[in-house]
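Understanding the architecture of this molecule
Residue-level listing of the chains:
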Amino acid sequence: MTSPDLSDLRPRLPSPVEEITDGRFGRHGIRLLLKRDDLIHPDLIGNKWRKLAPNLTAAAGRTVVTFGGAYSNHLRATAAAGRLLGLPTVGVVRGQELSDRPLNPSLARCTADGMRLHFVDRSTYRRKSEPETLAGILREVDAEDAYVVPEGGSNSLAVRGCRALGEELRARADADTPVDVVALACGTGGTLAGLAAGLGPDQRALGIPVLKGGFLSAEVEGLQERAFGGRCGDWSLDDRFHFGGYARVPAELDAFAEDFEQRHGVPVERLYVAKLLYGLVALADEGAFPRGSTVAAVVTGRPFP
């Protein structure tokens, strides 16, 4: 089997950086930049490109099996990659009860792009990384020789792929607007783990978890240990802005995102990016960034559908 040529997909790299004029930051002497990873590719958006690209190369034409919930951005991106590259894909979806229900728009997009969906009960899903459970799932989907990508796409290859994000922002150290803090929303922690490793010694990364539970710090450390041999870079997490957990978008957050869109003409994805931007406004008001700081917010996705 041969590896697909991802250069044929014409990614926009490095992704552009835009400065946003917003009084909520300006009054504190803070410059806000948007790192527009959402513009890398129309189907493999943002950190999904950075995490999937090295894994798709490693798959070398084999069926790709991966995991996610009913609204997983990662499943959609993997399905799109399969369509674009001619790779068979299987999505293992959390929640056996969903198998008898109409597909939501996210899962419907996956099937439209050729992904086979396999629903498993939540207990099995929690044990999906156990060798015996994983082997059973692969037998059930008739893909025992498949290339397996973990939930969210976060493995060592993905983490090393995301290091380029930090390197792109590190390169701005000689620009007119060198970046002091790079902030992004976090799900499984793989993007933060790679980003932090690519930043310069005077830069720090800030992760805003979109899931509650306080477990992500150990996950990021583990990802860096496996990818780089130990903790890398200056990074931290602030877990106050998850709004109740993944896929929770209360009216306050939706109104904030709509207002940001109207102010700046930038589409705001609700599950990740809105929580990031909301958190940055709150942190600016709290004095978390010294006057004169430049903060870059990584836009990792676009609204769907």
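Data block above holds the structure.
Here goes a summary of the coordinates provided. (Residues numbered from 1 in each chain as written. Predicted model: local features only at pLDDT ≥ 70, side-chain atom pairs only at ≥ 80, totals over all residues. Heavy atoms only, no water.)

Regarding the overall build of the chain
Scanning the chain for helices and strands turns up 11 helices and 10 strands. For the chain, whose C-alpha radius of gyration is 19 Å, the value lies close to the compact-globule estimate of 19 Å for 305 residues. Put simply, 75% of the contacts in the chain that link residues at least 6 apart link residues at least 24 apart. Total accessible area on the chain stands at roughly 13200 Å², and carbon and sulfur atoms take up 47% of it. Between the centroid of the 37 positive side chains of the chain and the centroid of its 39 negative side chains there is a distance of 1 Å. (Helix = DSSP H or I, 4+ residues; strand = E, 2+ residues; numbered from the N terminus. Rg over C-alpha atoms; globule rule 2.2 N^0.38 Å. Contact = heavy atoms within 4.5 Å. Areas by Shrake-Rupley, 256 points an atom, 1.4 Å probe, with all protein chains shown as cover. Lys, Arg positive; Asp, Glu negative; His and termini not counted. Charge placed at Lys NZ, Arg CZ, Asp CG, Glu CD.)

Observations regarding the pairing of strand E3 (residues 64-68)
The two faces of a sheet get side chains in turn, since along a regular strand they alternate between them. The buried fraction of E3 is high, at five of five residues. Neither face of E3 is exposed, since Val 64, Thr 66 and Gly 68 on one face and Val 65 and Phe 67 on the opposite face are all buried. Pairing between E3 and strand E4 (residues 89-94): five bridges, direction parallel. Residue pairing for E4: Thr 66 is matched across the bridge by Gly 91. Considered for its hand, the β-α-β crossover made up of E3, helix H3 (residues 73-85) and E4 is right-handed. Where E3 meets strand E6 (residues 147-148), two bridges bridge the pair, whose relative direction is parallel. Bridged to Val 64 within E6 is Tyr 147. (Buried < 20%, exposed > 50% of the residue type's maximum accessible area, 1.4 Å probe, protein only. Pairing = 2+ DSSP bridges. Right-handed = clockwise from strand over helix to strand, strands pointing away.)

Section: the nonpolar core
Counting 34 residues, the largest nonpolar core has Leu 206, Leu 277, Leu 280 and Phe 289 as the members making the most contacts within it. When contributions to this core are tallied by element, the ones reaching two or more residues are strand E2 (31-35), strand E7 (181-186), strand E8 (204-209), helix H10 (251-264), helix H11 (273-286) and strand E10 (294-298). Ranked by the residues each element gives to this core, the list is headed by H11, at nine residues. Aside from chain neighbours lying at most four places away, what touches Phe 289 is Ile 30, Val 181, Arg 204, Leu 206, Leu 280, Leu 283, Ala 284 and Val 295. (Core = buried A, V, L, I, M, F, W, Y, C linked by side-chain atoms within 4.5 Å.)

A look at the environment of Arg 204
Residue placement: Arg 204 occurs in strand E8. Among the residues examined, Arg 204 registers a relative accessible area of 26% and is labelled partly exposed. Separated by 110 residues in the primary sequence, Arg 204 and Arg 94 place their C-alpha atoms 34 Å from one another. When near neighbours in sequence (up to four residues on either side) are disregarded, Arg 204 contacts Asp 180, Val 181, Val 182, Leu 199, Asp 234, Ser 236, Ala 288 and Phe 289.

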